[in-house]
Amino acid sequence: MDTRKIAVVASVAAVALALSGCNAGNAEGPTASPTEASKSSSAPGSTSAPPSPSNTEKYEPATAKGPAQNVPVPKMPEAAKVKSKEGAAEFTRYYFDLINYTAETTKTGPIKNVTSRSCKLCAEAIIDSADESASVGEWQVGGEYKASVIDSYISAPGRAIVTARFSAEPFDTYVVPDSVVAEYSEVKSSLSTFQLSFDTKWTVEDLLVTEE
């Protein structure tokens, strides 16, 4: 099957189950699938540059006792800045690093910088969800996303479409130590299609997801 022609159709509600869960308001749905993952490490096979430490203090992952501390901000690799199908693929790997970082920290600045508000799923399931979690002091433990690019091509001048296969670990959310708000199951192998544009850098214009 030509992955370029895959029709990735999923309702926003169905996709939200696959990509959201960082939101305290989701506590009533504890079996929902997770959203953004919790580690900023690169996905398997990614050539993304190592994240840059935000300060000199030691990184500490999230636990039931409290949120992650001193999480390194993913650094965009030079290859992801190139206007080519290879550059689009590398950017998509980097974007998954940003999803992991966003979930672990609830800091949305880096991912907003490369995401258009026209991407409804990106806004509702990733960015707005993380912002709301930050507002109530919610954090998550677990949920790391792992992804691999399976197709990338230039669809029009300054445009690219990238298909990636991803999965994510289960995770729990907290607002106070040792008190689970909700438990979320793993995201099994799914396909994501990124529609990207390039002006001075790659930007996500739309994101579609379906389970395999």
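Going by the structure above, here's the rest.
Every chain's residues receive numbers from 1 upward, in the order its sequence appears when written. Under the rules for a predicted model, residues below a pLDDT of 70 receive no local features and side-chain atom pairs below 80 are neither given nor counted, while totals for whole chains, interfaces and linings still include all residues. Neither water nor hydrogens contribute to the side-chain values; these are computed over all heavy atoms in the structure.

**Re the overall build of the chain**
Item 1. Put simply, DSSP marks the helices as runs of H or I at least four residues long and the strands as runs of E at least two long, and each gets a number from the N terminus on. Tallying secondary structure elements over the chain gives four helices and seven strands in all.
Item 2. Mapped in sequence order, the helices and strands of the chain form the string α-α-α-α-β-β-β-β-β-β-β.
Item 3. Any residue under 20% of the maximum accessible area for its type is buried, any over 50% is exposed, and the rest in between are partly exposed; the area is computed with a 1.4 Å probe on protein chains only. Counting only residues that meet the buried cut, the chain has 49% of its 212 residues in that class.
Item 4. Of the roughly 9,700 Å² of accessible surface on the chain, a fraction of 53% belongs to carbon and sulfur atoms. Note that accessible areas follow from Shrake-Rupley with a 1.4 Å probe, and for residues the cover is restricted to the protein chains shown.

**Here's the deal with the environment of Arg159**
Item 1. Counting through the fold element by element, Arg159 comes out in strand E3 (residues 159-168).
Item 2. Judged by relative accessible area, which is 41%, Arg159 ranks as partly exposed.
Item 3. With 76 residues separating them in the primary sequence, Arg159 and Lys83 have C-alpha atoms 9.1 Å apart.
Item 4. In contact with Arg159, not counting residues within four places along its chain, are Tyr153, Ile154, Leu196, Ser197, Trp202 and Glu205. We call two residues in contact when some of their heavy atoms are within 4.5 Å.

**Points about the side chain of Thr115**
Item 1. Here Thr115 shows up in the loop between helix H3 (109-112) and helix H4 (120-136).
Item 2. Its relative accessible area of 11% is what places Thr115 among the buried residues.
Item 3. Definition of a polar contact: a pair of N or O atoms within 3.5 Å, with one able to donate and the other able to accept a hydrogen when the atoms are protein atoms, and with sequence-neighbouring residues admitted only if both atoms are side-chain atoms. A polar atom in the side chain of Thr115 sits 2.7 Å from the side chain of Tyr95.
Item 4. Those residues in contact with Thr115, other than ones at most four positions away along the chain, are Tyr95, Cys122, Ile127, Thr203 and Val204.

**A few points about the state of the cysteines**
Item 1. Sulfur atoms of two cysteines make up a disulfide when they are within 2.5 Å. Applying the stated criterion across every chain yields a total of one disulfide.
Item 2. Between the sulfur atoms of Cys119 and its disulfide mate Cys122 the distance is 2.1 Å. On the sign convention where negative is left-handed, the bridge of Cys119 and Cys122, at about 65° about the S-S bond, is right-handed.
Item 3. Assessed through its relative accessible area of 1%, Cys122 is described here as buried.

**Some thoughts on the packing of aromatic side chains**
Item 1. Each aromatic pair joins two rings of Phe, Tyr and Trp (for Trp, the six-membered one) with centres within 6.5 Å, and gets the label stacked for planes under 30 degrees apart, edge-to-face for over 60, and tilted for any other angle. Within this structure, the stated rule accounts for 10 aromatic pairs.
Item 2. Taking 6.1 Å as the distance between ring centres and 40° as the angle between the ring planes, the aromatic pair formed by Phe91 and Tyr95 counts as tilted. With a gap of four residues between them, Phe91 and Tyr95 both fall in helix H2 (residues 85-105), about one helical turn apart.
Item 3. Residue classification places Phe91 among the buried residues on the basis of a relative accessible area of 0%.
Item 4. Three or more aromatic residues joined by ring pairs form one cluster here, namely Phe91, Tyr94, Tyr95, Phe96, Tyr145, Phe166 and Phe194.

**Things to note about the sheet that holds strand E2 (residues 145-156)**
Item 1. The antiparallel open sheet is built from four strands, whose spatial order is E2-E3-E6-E7. The two strands at the open ends of the sheet, each matched to only one other strand, are E2 and strand E7 (202-211). Geometrically, the sheet is characterised by an average inter-axis angle of 20° between neighbouring strands, direction not taken into account.
Item 2. Across nine bridges, the pairing between strand E6 (residues 187-198) and E7 is antiparallel. By the convention used here, strands pair only if DSSP detects at least 2 bridges between them. Every axis corresponds to a line fitted to the C-alpha atoms, with the helix fit spanning only the stretch in contact, and the corresponding angles, defined between N-to-C directions, vary from 0 to 180 degrees.

**So, the sheet that holds strand E4 (residues 171-176)**
Item 1. Judged by pairing direction, the sheet is antiparallel, and its three strands sit side by side in the order E1-E4-E5 without closing on themselves. The strands lining the two open edges of the sheet, one partner per strand, are strand E1 (139-142) and strand E5 (179-184). The mean angle between the axes of side-by-side strands here comes to 30°, regardless of whether they run parallel or antiparallel.
Item 2. Direction of pairing for E1 relative to E4: antiparallel, over a ladder of four bridges. Following the sheet pairing, Trp139 is matched in E4 by Tyr174.

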